[in-house]
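The primary structure of each chain is shown beneath.
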4 protein chains.
Amino acid sequence: MRNKYSIGILGATGMVGQRFIQLLENHPWFEIAWLAASDRSSGKKYGEAAKWRLEFPLPDRIANMTVSSAEPVGAPKIIFAALDSDIAKELEPKFAAAGCAVVSNSSAFRMHPEVPLVIPEVNAEHLHLIEEQSWRKESGGYMVTNPNCSAIGLVVALKPLEERFGIEQIFVSTMQAISGAGYPGVPSMDILGNVVPYIKSEEEKMEAETLRLLGRFEGHQVKPLSARMSAHCNRVAVEDGHTECVSIKLGKKLGRAATKEEILAAWAEFKPLAGQQLPMAPEQPVEFAPQDDRPQPRLDRNRGRGMGVTVGRLRPCGLLDWKFTVLSHNTIRGAAGAAILNAELLVSLGKLEPVTAAATRR
Amino acid sequence: MRNKYSIGILGATGMVGQRFIQLLENHPWFEIAWLAASDRSSGKKYGEAAKWRLEFPLPDRIANMTVSSAEPVGAPKIIFAALDSDIAKELEPKFAAAGCAVVSNSSAFRMHPEVPLVIPEVNAEHLHLIEEQSWRKESGGYMVTNPNCSAIGLVVALKPLEERFGIEQIFVSTMQAISGAGYPGVPSMDILGNVVPYIKSEEEKMEAETLRLLGRFEGHQVKPLSARMSAHCNRVAVEDGHTECVSIKLGKKLGRAATKEEILAAWAEFKPLAGQQLPMAPEQPVEFAPQDDRPQPRLDRNRGRGMGVTVGRLRPCGLLDWKFTVLSHNTIRGAAGAAILNAELLVSLGKLEPVTAAATRR
Amino acid sequence: MRNKYSIGILGATGMVGQRFIQLLENHPWFEIAWLAASDRSSGKKYGEAAKWRLEFPLPDRIANMTVSSAEPVGAPKIIFAALDSDIAKELEPKFAAAGCAVVSNSSAFRMHPEVPLVIPEVNAEHLHLIEEQSWRKESGGYMVTNPNCSAIGLVVALKPLEERFGIEQIFVSTMQAISGAGYPGVPSMDILGNVVPYIKSEEEKMEAETLRLLGRFEGHQVKPLSARMSAHCNRVAVEDGHTECVSIKLGKKLGRAATKEEILAAWAEFKPLAGQQLPMAPEQPVEFAPQDDRPQPRLDRNRGRGMGVTVGRLRPCGLLDWKFTVLSHNTIRGAAGAAILNAELLVSLGKLEPVTAAATRR
Amino acid sequence: MRNKYSIGILGATGMVGQRFIQLLENHPWFEIAWLAASDRSSGKKYGEAAKWRLEFPLPDRIANMTVSSAEPVGAPKIIFAALDSDIAKELEPKFAAAGCAVVSNSSAFRMHPEVPLVIPEVNAEHLHLIEEQSWRKESGGYMVTNPNCSAIGLVVALKPLEERFGIEQIFVSTMQAISGAGYPGVPSMDILGNVVPYIKSEEEKMEAETLRLLGRFEGHQVKPLSARMSAHCNRVAVEDGHTECVSIKLGKKLGRAATKEEILAAWAEFKPLAGQQLPMAPEQPVEFAPQDDRPQPRLDRNRGRGMGVTVGRLRPCGLLDWKFTVLSHNTIRGAAGAAILNAELLVSLGKLEPVTAAATRR
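Every value quoted in this text rests on a predicted model; they were computed, and no experiment measured them.

Caption draft 1: Just the overall build of chain A, in detail. Looking only at helices and strands, one finds 12 helices and 14 strands in chain A. A compact globule built from 362 residues would reach a C-alpha radius of gyration of about 21 Å, and chain A, at 20 Å, matches this within 12%. With respect to the three principal axes, the spread of C-alpha positions in chain A is 60 × 50 × 35 Å.

In C-alpha cells form, the structure reads like this:
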C-alpha cells in the first residue's frame, strides 16, 4: 500500500466539513490527521462537538479524534477548508503563510487575482496562478479554491460547449437545496411548502465565477470569458442537489449553428481527466438523461458518487439557441468533492510535497 | 337583496371544482344550483362523491346536493367548467350549443380563433370574439376561457409594462405548485424533497397563451403580441402558489430606457377595473413586495383573497433589461377565481341574460 | 360600538406574538395599544423589527407601531405574554406586580400552585387561584396561564369523557408541527423528509399539565386528576396543527362500560361556554370527523377559526378501552387563541377592570 | 467463484421490486435471471416498463432484460414476490404448485396456518411449517413470507426483550414513510405538510403479525405470543424509514423488574445469526442510539445497509414499564431485504436445491 498524505480539515464540524470526512475516510491517497473548528468545539471529541447530519454514519475513529483549535501549529501541510467566508478571510492566509497548501471551499478568495478558482475538468491550467502567490514564494504554502455550489454544475455542463461552439449568452434560473446553507441554515418555517426566491450574494457570485472559470490563463493572469450572463437564484425544499434551468446562445467557433446531436456528442465525449486516475473524478463528468422529466435531485444527484453532473431536456430556446436542465450534488460536486478533486489534481501535478515516512498511517 | 344568477359547475369534484365551490358559496351575484361530474359520481351526494381537499370546510348545503350527470338538460344557463382537456373538448361545445354561457378553465379551446382567452384586467376587449361564435348565433350560448395557471400571473404583471413601454422579449422559469396537477395528481414519491423539471405541454401553452393575451383584437380576430418568449416549467413541493423568475426586454414606446421607478409606478397604477365593482377583482391587481426575499408562495399567495399578483426583486438583468419574480395563487387567480372574474365581467357587459324570477334563490 | 380594552403584547415579534396580532386586530373587545419585544427590537417600527411569517397579511396600523421596551411603565393593564420561558420567569412577575393582568402563554408559571392554568371550556373554576396571588392583593395585578400546545387539544377532547365516565389511564403519542418551536426554530435540515422523536421537556409538561387541567379546585388549591399517563412527543414536517394518537381507560362513573355512541354524544354535547358569547370560543369545542382518515392537520386545523378541536377514528383499543386521534391548531387553540379566550373569560367574570374613557379607541 | 442461484422477481416494476433489483444485483449467492410483471409490462425492456424511483441507478444489464409474463413456465425455481395482495393470492400458489420456492413480501398468505411468516433473527424455527404445505409434498415448491414493514422493526427490537424478560403488553404508534404505499401511492396533495392518521388494514396486520412472529412453533403449528397489543398507524412526509413509539410491559421471566442496563444489554447481545455468514444479515440487528433525539429516519435508516434496526430514547413509561423509539428502513429491512434474508436462511438450511450447472452464470 502506498503511503498516504496526512490532511487536516478546517471547519470540520459544519455541513461541508462533514462531507469532507465522509469522502476522505477511506480515501486512497489522503488520511484525516487533524480536525479543527471554532473555539467552542476545540478540545472536545469530534463526536461531541459536531451535530452529525449525514446518512453516512460517522466513523468511530473520527468520532474519537480531538478537535484542534484553528491554528497552523501542529497542523498537516494539506488543509481542506470549509469555513464561513468572513472567518476564511482571516484564517486561510495564516495557514498559507505557514507553508500549508490550503484547498478551500470558501468564497473569500475565489475572485482574488492570484488565487486559482479551479474545476479540474474545466480549467486546470489556472493552477499556474499558485506560483504568483507571495505565500508560495515565502513559505511554499498557497491557496486554491473551488467555485460556489451553484456555479460548478453549470460550468461543467457549459465547458464542452464552450470548447466546441463558443458561448455568448447564458441565462440560468436555479432551484437550490437547503444543505447549501449549512446547519442550522434555513429555518423550516421558511422553506416547508415554500420557495424563497433569494439567496444573499448568490447571483453575483454565480455570474462572476462562471465567467472566470470559463476564462483563459494568459500571461500570469486569468481573462474571464467574454459572455453575457444573468442568474436567478432560488431556494427550494430539497435536501441535496441543485437543479438549474439554462438557456444559452452559442458562439461562432463552428461557423454554423450546432445541432442537437453535436451538443449531445460534446457532452458525451467530454473526458478531460481520462487516464489520470484521480480517485474522486467521475468516469463521465456530464451525463445526459434522455427521459422527458429528468434530471431530478433525488434520482440523479448521486451519479458518479455525487461527482457527476446530469443534463437533460435539451431543446431549442425561443430566445437564445438552446435550453436544458442541469443537476449536480451541491455538497459533493459543489463543495467537499470539488476541493478533494482539486487536491488530487495538485498531487498529480507534483504541487504537493512527496509523502514522507512521518506522514504515513501510524 | 338583488336576485342571483343560478350557475352550474361542470367537473365539480376535482381540485378546481372545489375552489369554484369555495369561491361561489356566498358570492353576491351567483348561486350554485347544479353540480355535475363524471358518471362515477352522478346520482351521489356531493359530500360522498368528492374527496374534499381544501382547508375551507365543505358547506353542508353543497355536501347534500346531488351530483348531476354532465348533460345540458336541466343545467343552468351559466356553466363554470373545470374539466380535463379531452373531456372538455367533447362536453363544452354541447353546453354552448344548448344555449349556455360556458366559462371554462380548461385548455381545450383556449387557442381556438373564435373563443376568447381573457383576463379581465388585461384584454377584456377580446370578449368581442363571442359574437363570432356559431353557438352564439344559433342558441345564444357561447364559450369564454381563462389562461393556464402559469400564464396568468405572468401576464397580469407584464400587461402594465406592455402598455407603457412595450415588451420585446420574455424569459420565464417557473416553480409550480402541486395543486396545479389536480388530485391525485403528483405522486408524493416524485415531489417530496425533489424537483420535477417538466410539466407536459406546459411550456408550449404558457408561451402561446401569453402572447395571445397580450395581443390586440383587430377586425374580428386576435393578433398575438409580436414578442419572443422562452419558458422553463418546473414542479416543486409547494401546495399552492406558482413562483416565476422573469427577465424581460422592454420595447420602444417610451423612446428611452424605463427606470426602476417607472416600472414600479406602472405596476402601482395598474387598476383597469377600478370603479367596476366586480366582487372577485382585487383592489390592487399587481402588488410590489419591497423585501429582498419576496414574493414567497406561503406568505403572498393569498393577497387580494388569492386574486392579487405579487411581484418582487426588481433588478437589472445581465442579458435583457430587467428581471423580477412573480407569484400568484394557481387555483384561485390561476383557475377558479379567474373564471369567476370572467363571468363577473360578462355580467357587467350585459353578456349574461338578466336574472329572472325563476333563477332566484328559492 | 362598545368601548374596547387596551391591551399590550409582550414578545410581539415571535411566532405566537404574530398570532396574537392576527387574532386581536379587529377583535370586538380588545385593542392592541402596545407592543413590546427584546432590546434588539425596541424603538423600531414593528414592521421592521418582526419577520412576519403568517399568511394573514400584517396590518399597516401594526406595522407602523413603535416597539416598546419590555417594561411595565406606560404599558396597558392587560398584557398578553408570548415569551420564552426563562425571560417570562423574570418579566411576567414585574408586570403583575405593577398591577397588570398578565395572560401568559409561557410555561414558566403554569405549574406554580397559585397561578391558574386554564382552558375556559375545561376548568374555569381554577381562576379562583387568582385571589391567592400576592400581586393581586398588593397591586391588583395577577397572572393567568394557558397550557402547552400539545396538552390543550388533548385536554379539550378528554374533558367531556372525564365528566361523564371518568378517566384512569391516558396514552398519547404526538406528531407536532414546526411552528410550535417558534422562529427560526427547527432547522430545515432536521425536519425535511424526517421525523424528530424528541422535543425537550415536552413529555413532562404534557403529562403534568394534563392532569392539573383535569383536576379539581378544592380549598384554595388545585388537586390534579388522579390518573396515570404516558406521552411520546415527536416533531414532524407540518407547518401548523398537532396530531395526537390517544388511548384511554375510562373510569367507573357510569357503572358500566361506555359505548361508542355515548362517547360521541359526550363530545357532541360538550358546550360549556354556550350562552356566554365569548368571541374567541368555537361553537363546537370538540367536533368528530366521521371519515376513516381524519383528522388531518391541513384539512381540519382551521375548524372553528382555529379554536375547534377535531377528533376521529374512535375505535376499541387492544390495551385500554378506546383509542382515537385528536387534532388542534397549535398556535391558535394551542397558544395565542387560548390566551385570548382566557382573557375573554376574565372579562365576563369581572376580573378585568371596566373599560374607562381613557382606554377607549382614540 | 461459487455458482449462483438463478432467481426471478414477480412484480419487478413496483417500488419493492426495484429494491429487490438493487439488493440482488451483485448479490454473492443469487443472480437475477427473470423479471415478471403485469401484462401491461411483459414483452417490454425492463428499462421501459419500469419507472425507476431509486437513487441507486438502474443497472444496464437489468434495463435491457425483457419483462416476462407472470407465468411459472420458464421461471427459475426461486421466486421473490413483490405483488399486491389480491394478485399474490392468485399467482403465488401457481408458482408454488409448479415447484418454485416462493419467497413473498405480500400480505396474502402471512397469516395462513401452513405458511411461515419469518424474520431470520426472530423465528427461524417457524420454517418447519414448509414441510406441512401440500405444494411441498407434491411438487417440492413452497411459500415463505416476511412481515409487514411496520411489524418488522418492532419485532426485531422486541425479540431480545421477549427472550430475557417476557412481554405482556405492547403499545405502538407509528409514523410511516410514503414508500410503503408503493408508486404512485400517496398523492402529494395528501401528505405534503400533513399527516394522515390512517393506513388501511395496517393496524390489524401489525398486531396479528407481531404476536405470530413472537410465537412458538409447537407440534406442527405456530402458537402466537399471548400478549395484549394496540397499534396506531400514521403516514408522514418521509421518503423511507418507519419511526415507531413503543411502550411495553415486560413479563416475569426475570422474577423481578428489568433495569435499563439489562434492556440495553439484551439489545446489544442479540446476535442470533452470528457465525452464519448470511450476506444480507446486519452485524448488529438492534443498535441503540444514545443521543436524546434519535433514531431519525434520515440519519438512521441506512444502518447495516438498511437491515439494522435502531432503538433510542429508552425511558420509564408512566403506564407500562418502559418506552422507546424504533426505526427501520421500510423497503429494505421491511420488505425486499427481509425476503432476501429469508432466502439466504433457506439456503443455509438446505431448503433450496443445490445449484446445478444449468443455474450458473452464463
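Having seen it, we continue.
Caption draft 2: Quick peek at the relation of the copies chain C and chain B. Placing chain C over chain B gives an RMSD of 0.0 Å and needs a rotation angle of 180°, together with 0.0 Å of translation along the axis. Here the two chains are linked by the operation of a two-fold rotation axis. For chain C, the smallest separation between a C-alpha atom and the rotation axis is recorded for C:G193, amounting to 3.3 Å.

Caption draft 3: Focus on the pairing of strand β2 (residues 30–37) of chain A. All names here are of chain A. Counted residue by residue, β2 has six buried out of eight residues, so it is predominantly covered. Relative to β2, strand β1 (residues 5–10) runs parallel, the two sharing six bridges. For G8, the partnering residue across the bridge sits in β2 and is W34. Between β1 and its parallel partner β2, the chain crosses via helix α1 (residues 15–24), and the hand of that crossover is right-handed. Relative to strand β3 (residues 68–69), β2 is paired through two bridges, and the arrangement is parallel. When the bridges of β3 are listed, A36 appears paired with S68.

Caption draft 4: View of the interface of chain C and chain B. Counting from both sides, the interface comprises eight residues of chain C and, opposite them, eight residues of chain B. Tallied by class, residues from the side of chain C that touches chain B come to three nonpolar, two polar and three charged.

Caption draft 5: How the structure looks around the nonpolar core. With 270 residues, the main nonpolar core has A:I9, A:I79, A:V155, B:I9, B:I79 and B:V155 as its most contacted residues. Counting residues in hydrophobic clusters, the runner-up holds 216 residues, among them C:L211, D:F80, D:M206 and D:L225.

Caption draft 6: Quick peek at the interface of chain D and chain C. Listed per partner, the contact involves 34 residues of chain D and 34 residues of chain C. Elements that contribute at least two residues to the side of chain D that touches chain C include exactly β7 (167–175), β10 (228–232), β11 (242–250), α11 (297–300) and β14 (322–328) of chain D. A breakdown of the residues in the side of chain D that touches chain C according to their chemical character gives 14 nonpolar, 12 polar and eight charged.

Caption draft 7: Looking closely at the domain arrangement of chain A. All names here are of chain A. Along its sequence, chain A is carved into domain 1 (5–145 + 337–359) and domain 2 (149–329). One C-alpha centre belongs to domain 1, the other to domain 2; they are set 25 Å apart. Counting from both sides, the interface comprises 29 residues of domain 1 and, opposite them, 26 residues of domain 2. Counting residues per element, the ones that place at least two in the side of domain 1 that touches domain 2 are α5 (120–123) and α12 (332–348). With seven residues, α12 is the largest single contributor of residues to the side of domain 1 that touches domain 2.

Caption draft 8: Expanded view of the relation of the copies chain D and chain C. Superposing chain D onto chain C takes a rotation of 180° combined with a translation of 0.0 Å along the rotation axis, leaving an RMSD of 0.0 Å. Most of the interface of chain D is mirrored in chain C, where 100% of its interface residues are also at the interface.

Caption draft 9: Examining the packing of helix α7 (residues 149–165) of chain A against α12(A) more closely. Residue and element names in this part refer to chain A. Remark: α7 packs on α12, axes separated minimally by 8 Å, with the N-to-C direction vectors making an angle of 90°. One element, α7, and the other, α12, form an angle in the roughly perpendicular class. Here C149, I152 and G153 of α7 come into contact with α12, specifically with R333, G334, A335 and A338. Broken down by class, the residue content of the contact of α7 with α12 amounts to four nonpolar, two polar and one charged.

Caption draft 10: A look at the confidence of the model for chain A. All names here are of chain A. For chain A, the mean per-residue pLDDT works out to 95, and 97% of the residues sit at or above 70. Segment residues 357–362 is flagged for pLDDT under 50; beyond a separation of four residues in sequence, or across chains, it makes eight contacts in the model. In the model output, the complex is listed with pTM 0.96 alongside ipTM 0.95.

Caption draft 11: Geometry of the sheet that holds strand β4 (residues 78–81) of chain D. Residues and elements named next belong to chain D. Pairing is parallel in the open sheet, where six strands are placed in the order β3-β2-β1-β4-β5-β6. Each edge of the open sheet carries a strand with a single partner, namely β3 (68–69) and β6 (142–145). Across the sheet, helix α4 (residues 85–97) touches β1 (5–10), β4, β5 (101–104) and β6, and the angle it forms with β5 is around 150°.

Caption draft 12: Broad picture of the sheet that holds strand β2 (residues 30–37) of chain C. Residues and elements named next belong to chain C. In spatial order, the strands read β3-β2-β1-β4-β5-β6; together these six strands make up an open sheet with parallel pairing. With one partner strand each, in any of the chains shown, β3 (68–69) and β6 (142–145) form the two edges of the open sheet. Sheet analysis places strand β1 (residues 5–10) next to strand β4 (residues 78–81), joined by four bridges and oriented parallel. Paired with L10 across the bridge in β4 is A81. Of the strands in this sheet, β1, β2 and β4 touch helix α1 (residues 15–24), which is tilted by about 160° from β1. Contacts from helix α4 (residues 85–97) reach β1, β4, β5 (101–104) and β6 within the one sheet, and its direction differs from that of β5 by about 150°.

Caption draft 13: Here's a closer look at the environment of B:C233. Residues and elements named next belong to chain B. Position of C233 relative to the elements: it lies in the loop between β10 (228–232) and β11 (242–250). Exposure remark for C233: the 25 C-beta atoms within 10 Å place this residue in the buried category. In this structure, the C-alpha to C-alpha distance between C233 and T174, residues 59 residues apart in sequence, is 4.9 Å. Once you skip the residues sitting within four places of it in the chain, C233 turns out to touch S150, T174, Q176, I199, E202, E203 and M206.

Caption draft 14: Geometry of the packing of helix α7 (residues 149–165) of chain D against helix α10 (residues 260–268) of chain D. Residues and elements named next belong to chain D. With their axes 8 Å apart at the nearest point, α7 and α10 run at an angle of 120° to one another. Accordingly, the angle class assigned to the pair α7 and α10 is oblique. The two elements α7 and α10 cross, and the hand of that crossing is right-handed. Residues P160, L161 and R164 of α7 form the contact with α10, whose participating residues are I263, A266 and W267. Residue composition of the contact of α7 with α10, by class: five nonpolar, no polar and one charged.

Caption draft 15: Looking closely at unusual backbone geometry. In this structure, C:P184 follows C:Y183 across a cis peptide bond, with omega equal to 0°. If you trace the backbone, C:P184 turns up in the loop between β7 (167–175) and α8 (188–191). Phi angles above zero are rare outside glycine, and A:R305 is one such case at about 50°. With respect to the element layout, A:R305 can be found in the loop between α11 (297–300) and β13 (309–316).

Rules behind the numbers
- Residues numbered from 1 in each chain as written.
- Chains lettered and ligands numbered in written order.
- Predicted model: local features only at pLDDT ≥ 70, side-chain atom pairs only at ≥ 80, totals over all residues.
- Helix = DSSP H or I, 4+ residues; strand = E, 2+ residues; numbered from the N terminus.
- Rg over C-alpha atoms; globule rule 2.2 N^0.38 Å.
- Least-squares fit on C-alpha atoms with pLDDT ≥ 70 in both.
- Buried ≥ 20, exposed ≤ 12 C-beta atoms within 10 Å, placed from the backbone.
- Pairing = 2+ DSSP bridges.
- Right-handed = clockwise from strand over helix to strand, strands pointing away.
- Contact = placed C-beta atoms within 7 Å.
- Nonpolar A, V, L, I, M, F, W, Y, C, P; charged D, E, K, R; others polar.
- Core = buried A, V, L, I, M, F, W, Y, C linked by C-beta atoms within 7 Å.
- Domains from an automatic or database assignment.
- Axes fitted to C-alpha atoms, helices over the stretch in contact; angles between N-to-C directions.
- Parallel < 35°, antiparallel > 145°, perpendicular 65-115°, else oblique.
- pLDDT = per-residue confidence, 0-100.
- Left-handed = near helix turned anticlockwise from the far one by under 90°.

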